[in-house]
Protein chains: 2
Amino acid sequence: MRISSKGEYGLRALLDLAQRVGEGPIQSHDIHLRQGIDENYLNQILILLRRAGLIESIRGPQGGHRLARPPSQITVLDALLALEGPLLTFDSGRDALTPTEPMDRNLVREVWDGAREILERYLASITLEDLCQRKAQRSGAMMYYI
Amino acid sequence: MRISSKGEYGLRALLDLAQRVGEGPIQSHDIHLRQGIDENYLNQILILLRRAGLIESIRGPQGGHRLARPPSQITVLDALLALEGPLLTFDSGRDALTPTEPMDRNLVREVWDGAREILERYLASITLEDLCQRKAQRSGAMMYYI
DNA sequence: CGCATAGTCGAGTGATCCAGTCAAGTATCC
DNA sequence: GGATACTTGACTGGATCACTCGACTATGCG
C-alpha cells in the first residue's frame, strides 16, 4: 500500500505556491526548476489541482498558478483526495458478488473504514499554513528579525 | 491509494481460522468454501501468512492450517504487513536523486510518516480475538447460554 | 493582426503490480 | 504405494504508474 508520487509532487507544488502567496501567478516552469519535478508531469498534476478547485490558473504570458484559497484553508487531505482519489479503498477482487460469509467481510470492512476515518482526520488537521510555519521555524536560526 | 484484495482475503482467512481454534488443522479447501475465495489464490495467501509466522501448515491428508499464536496475539497490523508489505510507502518517482528543495520533500515525508504511525497504531490495537468477539456479540441475540 | 509565450489536453509507452490460473512437484497418512 | 493435501513457480490479461510527446488553445505585446 503506497502513496503515489503524484501525491508527493502535488503537495510539494502546493507548498511551493503557499510560500509565494501574494507574489502574483507562479509559472509551472518555476515550480519545476525549484522542485525538480518533471515539467510535463507537473502540468498534469496542476490540472488535477485546478479541477479540484485548490488552485487557479492564469493563461498567457506572465500567467501562472496561485492558490484559490489562503494556505490556512487548504489541508493535506484536500490535496490527497484531489490527486489520488479516495483513501484506503478496497475493491475486493472479482468475487465481490459471491454471497458467502458476508459477516466476515463486513468485519474486515469496518476495520478498513475505521482506519480511513482516523487517517482522514489526521490529514485534515494539517494545513499548508502549518507546513510553511514548520519550515520557517526550522530555518529560524538563520532568520533575521527587524 | 487502496488496500488490495490480498489484504482482505488474508484477514478473512485468519478470522476463519481464529473462529475454529482447537478444532485441529483447517484445510484451505474449507476456507475456500466458507469464504468464497478462489482456492488457488487463497493458497498463495496462506503461504504468505505462513512465511510471516502467523499460521502453521500441516501437510498430508487431514492436514491443514492453524494459527501459530492465540488470536489475542495476532493483530490486523501483523496480517497487513505480511500480506501487503509496509504501509503507506512513498517511492517518489524517478527523480528521487535530484537534490532540489530537499526541505519541502522532507516536510511531505514527515506528514506521511505521521500518517503511517497513526495508522499502524490503530491497526495494531485490533486483534483477531477482538474481531471474533465483535462477531459473536453481533449474533448474540441468537445465542444460547447454558 | 500576427506571433511568441504559456497553459491545456489527450494519446501513447514501458515498467510494474494485481488477481487469478495452471501445471507440476512434494510431503504425509493409511 | 496411492490418494490426499499442501507447495511452488511460471504465466497471463488487465490495470495502474510515471512519465513522454505532440498538438491545441488562449493571451498579451508590438
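Here the residue numbers are simple positions, counted from 1 along each chain's written sequence. Key to labels: chains lettered from A, ligands numbered from 1, both in the order written. Owing to the predicted nature of the model, reporting of local features is limited to residues with pLDDT of at least 70; listing and counting of side-chain atom pairs is limited to 80 or more, with chain, interface and lining totals taken over all residues. The basis for the side-chain values is all heavy atoms of the structure; hydrogens and waters are excluded.

### Some thoughts on the relation of the copies chain B and chain A
Put simply, the second copy of the chain is the first one after a rotation about an axis and a shift along it.
And then number 1: The copies were overlaid with a least-squares fit restricted to C-alpha atoms from residues scoring a pLDDT of at least 70 in each copy. Once chain B is rotated about the relating axis by 180° and shifted along it by 0.0 Å, it coincides with chain A to within an RMSD of 0.0 Å. One copy is carried onto the other by what is essentially a two-fold rotation axis.
And then number 2: Residue contacts are defined here by distance: any two heavy atoms, one from each residue, within 4.5 Å place the two residues in contact. Comparing contact sets, 100% of the residues at the interface of chain B also lie at the interface in chain A, consistent with an isologous, same-surface contact.

### Quick word on the protein's contact with DNA strand D
And then number 1: The rule for a residue being near a molecule or strand is that one of its heavy atoms must lie within 4 Å of it. Taken together, the neighbourhood of DNA strand D is formed by 29 residues, with A:Y9, A:D38, A:Q44, A:R59 and B:R59 sitting nearest.
And then number 2: For DNA strand D, the backbone makes up 72% of the atoms found within 4 Å of the protein, where backbone means sugar plus phosphate.
And then number 3: Whenever two N or O atoms come within 3.5 Å, that pair is a polar contact, provided that in protein one can donate a hydrogen and the other can accept it, and provided that, for residues adjacent in sequence, both atoms are side-chain atoms. Between DNA strand D and A:Q44, the relevant distance is 2.4 Å, taken from a base oxygen to a side-chain nitrogen or oxygen of the residue.
And then number 4: Among the elements of the structure, α1 (5-18) and α3 (39-51) of chain A together with α3 (39-51), β2 (55-58) and β3 (64-67) of chain B are those that each provide at least two residues to the surface near DNA strand D. The numbering of helices and of strands both runs from the N terminus, where a helix is a DSSP run of H or I of at least 4 residues and a strand a run of E of at least 2.

### Section: α3(B)
Residue and element names in this part refer to chain B.
And then number 1: When the terminal C-alpha atoms of α3 are compared, their 18 Å separation across 13 residues agrees well with the 18 Å that a helix rising 1.5 Å per residue should span.
And then number 2: Among the residues of α3, L42, I45, L46 and L49 are the ones counted as buried. Projection of α3 onto a plane perpendicular to its axis shows the buried side chains occupying an angular sector of 105°, all on one side. Facing away from the buried surface of α3 by more than 90 degrees, the exposed residues are N40, Q44 and R51. By this rule the span expected of a helix is its residue count minus one, scaled by 1.5 Å. Exposure classes here rest on a 1.4 Å probe applied to the protein chains alone. A residue is buried below 20% of its type maximum, exposed above 50%, and partly exposed in between. Note: the arc covers the axis-to-C-beta directions of the helix.

Remember that the coordinates give geometry; whether it matters functionally is a separate question.
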